Amino acid sequence: MSLRLASSVRAHALRKNSALLGARFYSSAEKTLKSRFAEQIPEKVEEIKALKKEYGKTVIGEVTLDQAYGGMRGIKGIVWEGSVLDPVEGIRFRGRTIPDIQKELPKAEGGEEPLPEALFWLLLTGEVPTETQVKAFSAELAARSQLPAHVEEILDHAPSNLHPMAQFSMAIVALESESQFAKAYAAGVNKKDYWNYTYEDSIDLLAKLPNIAARIYQNVFKDGKVPAINKDLDYGNQLANLLGYGSNPEFVELMRLYLTIHSDHEGGNVSAHTTHLVGSALSSPFLSFAAGMNGLAGPLHGRANQEVLEWLFKLKEEVNGDFSKESIEKYLWDTLNAGRVVPGYGHAVLRKTDPRYTAQREFALKHLPEFDMFKLVSTIYEVAPEVLTKHGKTKNPWPNVDSHSGVLLQYYGLTEASFYTVLFGVSRAFGVLPQLIIDRAVGAPIERPKSFSTEKYKEMVVGLANK
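It should be emphasised that the depicted structure is a prediction, and the values quoted were computed from it without experimental measurement.

### Digging into the pattern of salt bridges
What the rule picks out here adds up to 24 salt bridges. Note that Glu-416 and Lys-222 form a salt bridge whose closest N and O atoms lie 3.8 Å from each other. In this pair, Glu-416 is assigned in the loop between helix 19 (402-411) and helix 20 (420-441) and Lys-222 in the loop between helix 10 (194-221) and helix 11 (235-243), connecting sequence segments 194 residues apart. Glu-416 sits in the buried class, given a relative accessible area of 13%. The exposure class of Lys-222 is partly exposed, given its relative accessible area of 42%. Close ionic contact of Arg-356 with Asp-354 constitutes a salt bridge, the shortest N to O distance being 2.7 Å. Accessibility classification places Arg-356 together with Asp-354 in one group, the buried group.

Structure below.
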């Protein structure tokens, strides 16, 4: 058999096995997520071609020297289909606000929070799935969740003092051995089929993340025993169960909410942009997502939730139980006058209270209104915006998502703050993996912005100023 024929046979076998796996969980009356997305691709490709042909030379923004030196803040330069972040209105997922998705997306039987699997479907296709489709998708994810033995061994032998996010990234990279995209690319697959293997890798990765996260949590903080996968559970319930909190229905609901609202925040943040950038080089979803998680681990991004909680505990100790507005205000001013920031307040884009914060606050008001840490966060919410406004150095004096998420986890007993960013990472997969699939489906090119040296920038701006 020739090498080309052998490659073709292997590629066909991969496609056949993937199709059979997906079809197992759906009735003949319901389209699978993959089949529905495949139907959309030709229309989406033509839409982009037509847009570029007619408006390709249209100027959509201007770049200032401050933006070039300020981390490209606000520069319009990435296509991101899943969500758009408005400074005043907040996040919209395919045009829907957080309250919209809480109302419209399918829920588990007896549950009130949206299922994150349904959000993945929405972000990939722009359509709200049926309850039957979501249930089948949940079953497919559970069926794909088993970790290869070598990944389990890597995690089981990792030193306990290695940060959970480092372990998380390490395990995801190790999954590269299972990459259907890498194997198909090596076999010479047609680029029109890149999306198919990107899809398969993405679903496999998404399915395995709860197992990875739970293994890290149980190894580092508990007895190292990971519960077995329950094939009948939805994703949020599965994650709660693997972490050891599945018997608490409120915690299960929290996981569903947490995974949904932390999933996507348009494409310019570090974890989303990094995943997109590395994927544009045709690295597999495993390598691309691991790169994004290395960015999420930074204290200016996903690790901020850990820092917020540490700051709250220090505040609580300093005020010695006095949660009055006067006491909190004094501590805030002491923090600012010492040249430090107030963690959990401010946002690169938002100029209002983060809707994700609001969603978590509403959950807390319903389930834990008397929890002392929630009362503390609530008082800070009443005081901090005015203090920060008077201070005058914060563009957005309102709370962001990080100022609340750790408090909810603390209430239910998941007190290990260094693990919180791993949960954020599991959630972020729901936002960035659909875009990777879309990028390969529409043939998005490698990302390659232009850079200049300071000397060249000086030459450019001085020349423009003298005209």
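Next, the rest of the story.
### Observations regarding the nonpolar core
If you look at the biggest cluster of nonpolar residues, it comprises 112 residues, and the most contacted ones within it are Phe-120, Phe-168, Leu-209, Ile-212, Leu-312 and Leu-414. Among the elements that line this core, the one with the most residues is helix 20, at 13 residues. Each of domain 1 (33-48 + 76-299 + 415-466) and domain 2 (304-412) accounts for three or more of the residues forming this core. With residues up to four places along the chain from it excluded, the contact list for Leu-414 reads Tyr-217, Leu-243, Tyr-245, Phe-251, Leu-409, Phe-419, Tyr-420 and Leu-423. Membership of the second largest hydrophobic core comes to 5 residues, among which are Phe-181, Ala-184, Val-189 and Tyr-194.

### Observations regarding the side chain of Ser-327
Its location among the elements puts Ser-327 in helix 16 (residues 325-337). Not counting the four nearest positions on each side in its chain, Ser-327 is found in contact with Val-319 and Asp-322.

### Regarding the UniProt feature "active site" (unreviewed entry) in the protein
UniProt feature "active site" (unreviewed entry): in the numbering of this structure it lies at His-301, His-347 and Asp-402. The annotated residues occupy 102 residues of the chain but converge on a single region, no pair of C-alpha atoms lying more than 10.5 Å apart. In this structure, His-347 sits in the loop between helix 16 and helix 17 (355-367). Classification of His-347 as partly exposed rests on a relative accessible area of 22%. For His-347, the contacting residues outside a window of four places in its chain are Leu-85, His-265, Arg-356, Asn-396 and Asn-400. Structurally, Asp-402 can be placed in helix 19. Using a relative accessible area of 10% as the deciding quantity, one classes Asp-402 as buried. In this view, Asp-402 contacts His-301, Ala-304, Asn-305, Val-308 and Phe-424; residues no more than four positions away in its chain are not counted.

Criteria and thresholds
- Residues numbered from 1 in each chain as written.
- Predicted model: local features only at pLDDT ≥ 70, side-chain atom pairs only at ≥ 80, totals over all residues.
- Heavy atoms only, no water.
- Salt bridge = Lys/Arg side-chain N within 4 Å of Asp/Glu carboxyl O.
- Helix = DSSP H or I, 4+ residues; strand = E, 2+ residues; numbered from the N terminus.
- Buried < 20%, exposed > 50% of the residue type's maximum accessible area, 1.4 Å probe, protein only.
- Core = buried A, V, L, I, M, F, W, Y, C linked by side-chain atoms within 4.5 Å.
- Domains from an automatic or database assignment.
- Contact = heavy atoms within 4.5 Å.
- UniProt positions renumbered as here; feature names shortened; annotations may be inferred.

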